[in-house]
Amino acid sequence: MLAFAVRRIAVSLPILLISTFIVFMLASLSGNPLSPLLTRNPPPPPESIALEAQRLRLDHPILERYWMWLTGLFRGDFGPSVQSNLDIGAETAGRFMVTMRLIAVAMILALVLAVVVGVISAVKQYSKTDYTATFLGFLFLAMPAFWLAILLKQAGIDFNNAVDEQVIYTIGDSSVPLPQGFGAQVADIAGHMVLPTISLALISYASWSRYQRSSMLEVMNSDYVRLARAKGLSRRRVMIKHALRNALIPLTTVTALDLASIISGAVLTESVFQWRGMGDLLLNAIRTDDVYVVMAWLLVTATVVIVFNLLADLLYAVLDPRIRYA
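Residues numbered from 1 in each chain as written. Predicted model: local features only at pLDDT ≥ 70, side-chain atom pairs only at ≥ 80, totals over all residues. Heavy atoms only, no water.

Moving on, we come to helix H1 (residues 2–30). Along its 29 residues, H1 runs 42 Å from first to last C-alpha, staying within 8% of the 42 Å computed at 1.5 Å per residue. Those residues of H1 that fall on the buried side of the exposure criterion are Phe4, Ala5, Ser12, Leu16, Thr20, Phe24, Met25, Ala27 and Ser28. (Helix = DSSP H or I, 4+ residues; strand = E, 2+ residues; numbered from the N terminus. Expected span 1.5 Å × (residues − 1). Buried < 20%, exposed > 50% of the residue type's maximum accessible area, 1.4 Å probe, protein only.)

Let us look at the confidence of the model for the protein. Mean pLDDT over the protein stands at 87; residues scoring 70 or higher make up 97%. For the protein, helix H10 (residues 235–257) is the element with the lowest average pLDDT, namely 81, and helix H4 (residues 62–73) is the one with the highest, namely 94. (pLDDT = per-residue confidence, 0-100.)

This part covers the packing of aromatic side chains. What the rule picks out here adds up to five aromatic pairs. Here Phe21 and Tyr66 contribute two aromatic rings whose centre-to-centre distance is 5.2 Å and whose plane-to-plane angle is 85°, an arrangement assigned as edge-to-face. Highlighted residues: Phe21 in helix H1 and Tyr66 in helix H4, separated in sequence by 45 residues. Judged by relative accessible area, which is 33%, Phe21 ranks as partly exposed. Put simply, the rings of Phe21, Phe24, Tyr66, Trp69 and Tyr292 pair up and form one aromatic cluster. When the ring centre of Tyr292 is taken as reference, the NZ or CZ atom of Arg57 above it lies at 5.5 Å. (Phe/Tyr/Trp six-rings, centres within 6.5 Å; stacked < 30°, edge-to-face > 60°. Lys NZ or Arg CZ within 6 Å of the ring centre and 35° of its normal.)

Turning to its location among the elements, Leu299 is positioned in helix H13 (residues 291–319). C-alpha separation for the pair Leu299 and Leu311, spaced 12 residues apart in sequence, amounts to 18 Å. In contact with Leu299, other than residues within four places in its own chain, are Leu16, Thr20, Trp69, Leu73 and Phe78. (Contact = heavy atoms within 4.5 Å.)

This paragraph deals with the side chain of Thr170. Residue position: Thr170 is located in the loop between helix H7 (145–163) and helix H8 (182–220). A residue is classified by how much of its surface remains accessible, and Thr170, at 11% relative accessible area, is buried. Aside from chain neighbours lying at most four places away, what touches Thr170 is Lys153, Gly156, Ile157, Asn160, Leu195 and Phe273.

Glancing now at the nonpolar core. Judged by nonpolar contacts, the single largest core of 71 residues is most densely connected at Phe24, Trp69, Ile103, Trp208 and Met216. Sequence-distant contacts of Met216, that is, excluding residues within four places in its chain, are made with Val119, Ala122, Met239, Ala243, Leu244 and Ala247. (Core = buried A, V, L, I, M, F, W, Y, C linked by side-chain atoms within 4.5 Å.)

Right under this line is the structure:
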């Protein structure tokens, strides 16, 4: 399994390298980070513009700038930002923790809901419970992530107005300033996570529960499950020990493949709830043509996707011992 992991990482590195090259070219050619200076009225002295262009490495050919950025990564240098006092590495690390806590909790919630609802729908196929779960699944599938986030935010605002008190947090990833005490701070952060987490989790749950239902139905009709039942094993034991374990393998694949779309959904969700996470960092960087911040965002998210897919592959062998990686 160790050799398999090393091979997967070796294959992923060229993909990551090509992705950074393409995005660097597109981001560099799509805009001019000096535009705010060039359009300022009255215009700044030409010497100031030349110094800023030099600081942003615009006086170098684009291929040389990419090479400087790539080699700088080994020294922990993520490049210069259009905000002269911004440390891209430190800023990205802080934003990454904010975003990852949203994605991690949303994925756990979505997975638990998907497995529970998918199994119940399969066991009670064509019942009222199955039809209700199917209706809700397709309803959430049809909803754009940002629209669901806006609906939840508006519902939270209406509820707070109705009780004339802020019971549900609708803006920000934490209060400013944070309350005193560890317990109070955890409660404050958890309170701010409620609506964004529900918004992000419901979209993923909708598709995952459909996969889990289909996979469970297929496993329940397999020969080894019928054989287990014929041996006199209880229905609960057959479902949990034999059927559910194998039915989780397709969901593992789907979850790993969906991580990129979850990160995209997190960008929109953070924007709606005004979180200072990776989404806010990316949107601001695109508005200001901040190429090196865009590259830092890509580098972090692409690495997360690659690592997560690797973990999903390794999890296959845990769920199904018949799978062995040579």
